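Results of the structural survey
Below are the chains, spelled out letter by letter.
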Amino acid sequence: MTRIDAKFAALKAENKKAFVAYMMAGDPDYDKSLEIMKALPAAGVDVIELGQPFTDPMADGPTIQLAGQRALEAGQTLQKTLDMATEFRKSDNSTPIVMMGYYNPIYNRGVDTFLTDAKAAGIDGLIVVDLPPEEDDELCIPAQKAGLNFIRLATPTTDDKRLPKVLQNTSGFVYYVSITGITGAAEAQATDVEPEVARIKAQTDLPVIVGFGINTPDTAEAIASVADGCVVGSAIVKQIGEGKSAAQVAAFVKSLSDGAHRA
């Protein structure tokens, strides 16, 4: 059982919804990014989604693209992202960390080396958005064998014919993208999300967590109420981009997690 599995089992036992917070590793620099990461669990974050900056982030909107650019300009690398996780684990051995990114940096490092290093750093799961199920032998299956969850995205355009393929080697949780398009583009609507979550849950026992388009405590509550939890990314990254202190970012995150946990 991974930390992700354990976390969702504990939340289910408490009849609580999950709040997942996304942040870009190394934004605006390594030290501040680590300070923000360390503040997240006390702000009510159940799972940390840690972005690995990449030069061509095709699924991300302008807010997260700019965060990636800031991180890369400040010298963030895949190794430094693993170092952040290692440092975080010195004071927190229970909060799950999901690394989200693209395949190129992993391929460049070598899959086996990366998986060994990620596991040693305390990474629990991976979201790699540019590897479809057809490429599961490339990273997904080796990751599962190494003890990491491989989390897949389902979207409004994932029809009933495609969904079983998306779900077949997914573990940890299913990430449902609430809107078509890129991150930070529009507001998620619970009325649109609810039937889609039900459709996914009819085919899997995994928790379904909804992301994209959640910017306020009220939206977090509304979306979490029709799913197993929610993810907030762009709204948090925007606060970091505006130069807010770690304490200010944590206070904002707390307002969102409180909303999700009210559901």
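Above this text sits the structure in question.
Presented here is a report on the structure given in the accompanying data block. A quick note: this is a predicted structure, and the numbers were derived from the prediction, not measured.

**Focus on the packing of aromatic side chains**
- Tallying each qualifying case throughout the model produces 4 aromatic pairs.
- Here Phe-54 and Tyr-102 contribute two aromatic rings whose centre-to-centre distance is 5.4 Å and whose plane-to-plane angle is 25°, an arrangement assigned as stacked. One end of the pair, Phe-54, is in the loop between β2 (47-51) and α3 (62-73); the other, Tyr-102, is in the loop between β3 (97-101) and α5 (103-109), with 48 residues separating them in the sequence.
- With relative accessibility at 4%, the residue Tyr-102 sits in the buried group.
- Taking the centre distance of 6.2 Å and the plane angle of 90° together, the rings of Tyr-175 and Phe-212 count as edge-to-face. In this pair, Tyr-175 sits in strand β7 (residues 174-177) while Phe-212 sits in the loop between β8 (208-211) and α10 (217-225), placing the two residues 37 residues apart along the sequence. Like Tyr-175, the residue Phe-212 is buried in the burial classification.

**Quick notes on the packing of α10 against helix α12 (residues 246-262)**
- Where α10 contacts α12, the axes come no closer than 7 Å and their chain directions differ by 30°. What the angle tells us is that α10 and α12 run roughly parallel. Two packed elements cross with a definite hand, and for α10 against α12 that hand is right-handed. Contact with α10, carried on its side by Pro-217, Asp-218, Ala-220, Glu-221 and Ala-224, involves Ser-255, Leu-256, Gly-259, Ala-260 and Arg-262 of α12 and no other residues of that element.
- Of the residues that constitute the contact of α10 with α12, the class distribution is 5 nonpolar, 2 polar and 3 charged.

**Details of the pattern of salt bridges**
- Scanning the model with the defined rule gives 16 salt bridges in all.
- Asp-136 is paired through a salt bridge with Arg-152; the nearest N and O atoms lie 2.6 Å apart. Linking Asp-136 in the loop between β4 (125-128) and α7 (140-145) with Arg-152 in the loop between β5 (149-150) and β6 (153-154), this pair joins segments that are 16 residues apart in sequence.
- The network of salt bridges with common partners includes Arg-3, Arg-89, Asp-92 and Asp-124.

**Re empty space enclosed by the protein**
- This model, assessed by the stated rule, comprises 3 cavities of 30 Å³ or more.
- Here the second largest cavity is characterised by a volume of approximately 60 Å³.
- If you go around the second largest cavity, you meet 13 residues; those closest to its centre are Met-24, Gln-52, Phe-54, Pro-57 and Asp-60.
- For the lining of the second largest cavity, the secondary-structure elements that each account for two or more residues are β1 (18-24), α3 and β3.
- Of the residues belonging to the lining of the second largest cavity, the class tally is 8 nonpolar, 4 polar and 1 charged.

**Here's the deal with the layout of surface pockets**
- Of the volumes computed, that of the largest pocket is approximately 400 Å³.
- If you go around the largest pocket, you meet 22 residues; those closest to its centre are Val-129, Arg-152, Leu-153, Thr-155 and Thr-158.
- Its residues placed into classes, the lining of the largest pocket shows 15 nonpolar, 5 polar and 2 charged.
- Space inside the second largest pocket adds up to approximately 320 Å³.
- If you trace the second largest pocket, you find 14 residues lining it, with Phe-8, Lys-12, Lys-201, Pro-207 and Asp-228 closest to the centre.
- Looking at the lining of the second largest pocket element by element, the count peaks at 4 residues for helix α1 (residues 3-13).
- Taken together, the residues of the lining of the second largest pocket break down into 6 nonpolar, 2 polar and 6 charged.

**Regarding the nonpolar core**
- Phe-19, Ile-123, Leu-126, Leu-139 and Ile-236 are the most contacted members of the largest nonpolar core, which has 64 residues in total.
- If one sorts the elements of this core by residue count, α12 sits on top with 7 residues.
- Discounting residues that sit within four places of it in the chain, Ile-236 has contacts with Ala-21, Tyr-22, Val-249, Phe-252, Val-253 and Leu-256.
- Leu-11, Ala-18, Val-47 and Tyr-175 belong to the second-largest nonpolar core, a separate cluster that totals 23 residues.

Reading the values: rules and limits
- Per chain, residues are indexed from 1 in the order of the written sequence.
- For this predicted model, a pLDDT threshold of at least 70 governs which residues receive local features, and a threshold of 80 or more governs which side-chain atom pairs are given and counted, while totals over whole chains, interfaces and linings are taken from all residues.
- Neither water nor hydrogens contribute to the side-chain values; these are computed over all heavy atoms in the structure.
- In this analysis, rings of Phe, Tyr and Trp, with Trp reduced to its six-membered ring, are considered paired at centre separations within 6.5 Å, and the interplanar angle assigns stacked below 30 degrees, edge-to-face beyond 60, and tilted for intermediate values.
- Only DSSP runs of H or I with at least four residues qualify as helices, and only runs of E with at least two residues qualify as strands; both kinds are numbered from the N terminus onward.
- When accessible area is computed with a 1.4 Å probe and restricted to protein chains, residues below 20% of their type maximum are described as buried, those above 50% as exposed, and intermediate ones as partly exposed.
- Comment: axis = line fitted to C-alpha atoms, over the contacting stretch for helices; angle = value between 0 and 180 degrees taken between N-to-C directions.
- An angle counts as roughly parallel when it lies under 35 degrees, as roughly antiparallel when it exceeds 145, as roughly perpendicular when it falls between 65 and 115, and as oblique in every other case.
- Note on convention: the crossing is left-handed when the near helix lies turned anticlockwise from the far helix by less than a right angle, right-handed when the turn is clockwise.
- Contacts are assigned to residue pairs with any non-hydrogen atoms lying within 4.5 Å of each other.
- Any residue outside Ala, Val, Leu, Ile, Met, Phe, Trp, Tyr, Cys, Pro, Asp, Glu, Lys and Arg is labelled polar, Gly included; the first ten of those are nonpolar and the last four are charged.
- A pairing counts as a salt bridge when a side-chain nitrogen of Lys or Arg comes within 4 Å of a carboxyl oxygen of Asp or Glu.
- Cavities and pockets were defined on a 1 Å grid built from protein atoms only: a cavity is a group of points that admits a 1.4 Å probe but offers it no way out, a pocket is an open group of points flanked by protein on both sides within 12 Å along at least five of seven lines, and a lining residue is one with an atom within 4 Å of any such point.
- Grid points are joined across faces, edges and corners, and a volume is the space filled by probe spheres set on the points.
- We define a nonpolar core as any set of buried Ala, Val, Leu, Ile, Met, Phe, Trp, Tyr and Cys residues linked to one another through side-chain atoms lying within 4.5 Å.

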